[in-house]
Amino acid sequence: QVQVVESGGGLVQPGGSLRLSCAASGTIASINAMGWYRQAPGKERDFVARIRSGGWTSYADSVKGRFTISRDSDKNTVYLQMNSLTPEDTAVYYCYAVIGSMMYWGKGTLVTVSS
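Computed from a prediction, not measured in an experiment: that's the story for all the values here. (Residues numbered from 1 in each chain as written. Predicted model: local features only at pLDDT ≥ 70, side-chain atom pairs only at ≥ 80, totals over all residues. Heavy atoms only, no water.)

A sheet is described by the order of its strands in space; here 4 strands give the open sequence E1-E3-E8-E7, paired in antiparallel fashion. Of all the strands in the sheet, just strand E1 (2-7) and strand E7 (67-72) have a single pairing partner and so form its edges. Neighbour to neighbour, the strand axes of the sheet diverge by 15 degrees on average, direction disregarded. (Pairing = 2+ DSSP bridges. Helix = DSSP H or I, 4+ residues; strand = E, 2+ residues; numbered from the N terminus. Axes fitted to C-alpha atoms, helices over the stretch in contact; angles between N-to-C directions.)

Pasting the structure below:
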């Protein structure tokens, strides 16, 4: 069984920064990719960023230049550094891990950007 757990959400003012963490644990042979989606109130879940096993990263256009995804492979952990946050970044952020052919999701962490 695999567990994916996010942390680091909270309330931040516009223009501020926040770093999310996501750890995968359990029976893990190798992780093909990990990443983040987000879901704002009343909207669909949208892709934010991913990092593949080779270290390649990709980002949604809306976060390019502001968000950075990184990883600690030894800890099966990824991070999402979010800078220059705006109220439009307010959402529940969900982490996922692709292990083999399976995709595992965390329960999400709420990020609120407000003054």
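So, next bit.
The subject of this paragraph is the nonpolar core. The tendency in soluble globular proteins is for nonpolar side chains to be buried as a group. Of all hydrophobic cores here, the largest spans 29 residues; its most connected members are Met34, Trp36, Val48, Phe67, Leu80, Met82 and Tyr93. Contributions of two or more residues to this core are made by E1, strand E3 (18-26), strand E4 (33-39), strand E5 (45-52), E7, strand E8 (77-82), strand E9 (91-99) and strand E11 (109-113). Among residues more than four places away in sequence, those in contact with leucine 80 are Leu18, Arg19, Leu20, Trp36, Val48, Ala49, Phe67, Thr68, Ile69 and Tyr93. (Core = buried A, V, L, I, M, F, W, Y, C linked by side-chain atoms within 4.5 Å. Buried < 20%, exposed > 50% of the residue type's maximum accessible area, 1.4 Å probe, protein only. Contact = heavy atoms within 4.5 Å.)

Glancing now at the side chain of aspartate 89. Mapped onto the secondary structure, aspartate 89 falls in the loop between E8 and E9. Overall, the relative accessible area of 2% leaves aspartate 89 in the buried class. Of note is the side chain of aspartate 89, whose polar atom sits 2.7 Å from the side chain of arginine 66. In contact with aspartate 89, other than residues within four places in its own chain, are Arg38, Arg66, Phe67, Ser84, Val111 and Val113. (Polar contact = N/O pair within 3.5 Å; in protein donor to acceptor, adjacent residues only side chain to side chain.)

All chains considered together, the criterion is met by 3 salt bridges. Note that aspartate 61 is salt-bridged to lysine 64, the shortest N-O span being 3.2 Å. On the basis of relative accessibility, which here comes to 66%, the residue aspartate 61 falls in the exposed class. Ionic contacts of the salt-bridge type, sharing partners, join the residues Arg38, Arg66 and Asp89 into one network. (Salt bridge = Lys/Arg side-chain N within 4 Å of Asp/Glu carboxyl O.)

For asparagine 76, which is not glycine, the phi dihedral falls at a positive 50 degrees. Within the secondary structure layout, asparagine 76 lies in the loop between E7 and E8. Phi at serine 84 is positive, roughly 50 degrees, even though this residue is not glycine. Mapped onto the fold, serine 84 is located in the loop between E8 and E9.

What follows covers the packing of aromatic side chains. Counted by the stated rule, this structure contains 4 aromatic pairs. On the basis of an interplanar angle of 65 degrees and a centroid distance of 5.7 Å, the ring pair of tyrosine 37 and tyrosine 96 is categorised as edge-to-face. You can see tyrosine 37 sitting in strand E4 and its partner tyrosine 96 sitting in strand E9, a full 59 residues away along the chain. A residue is classified by how much of its surface remains accessible, and tyrosine 96, at 3% relative accessible area, is buried. Ring centres 5.4 Å apart and planes at 45 degrees place the aromatic pair tyrosine 96 and tryptophan 105 in the tilted group. Since its relative accessible area comes to 35%, tryptophan 105 is described here as partly exposed. Three or more aromatic residues joined by ring pairs form one cluster here, namely Tyr37, Phe47, Tyr96 and Trp105. Sitting above the plane of the tyrosine 94 ring, arginine 45 keeps its charged end 3.7 Å from the centroid. One cation-aromatic arrangement involves arginine 45 over tryptophan 105; the distance from NZ or CZ to the ring centre is 4.9 Å. (Phe/Tyr/Trp six-rings, centres within 6.5 Å; stacked < 30°, edge-to-face > 60°. Lys NZ or Arg CZ within 6 Å of the ring centre and 35° of its normal.)

Purely geometric stuff here, so don't read any function into it on its own.
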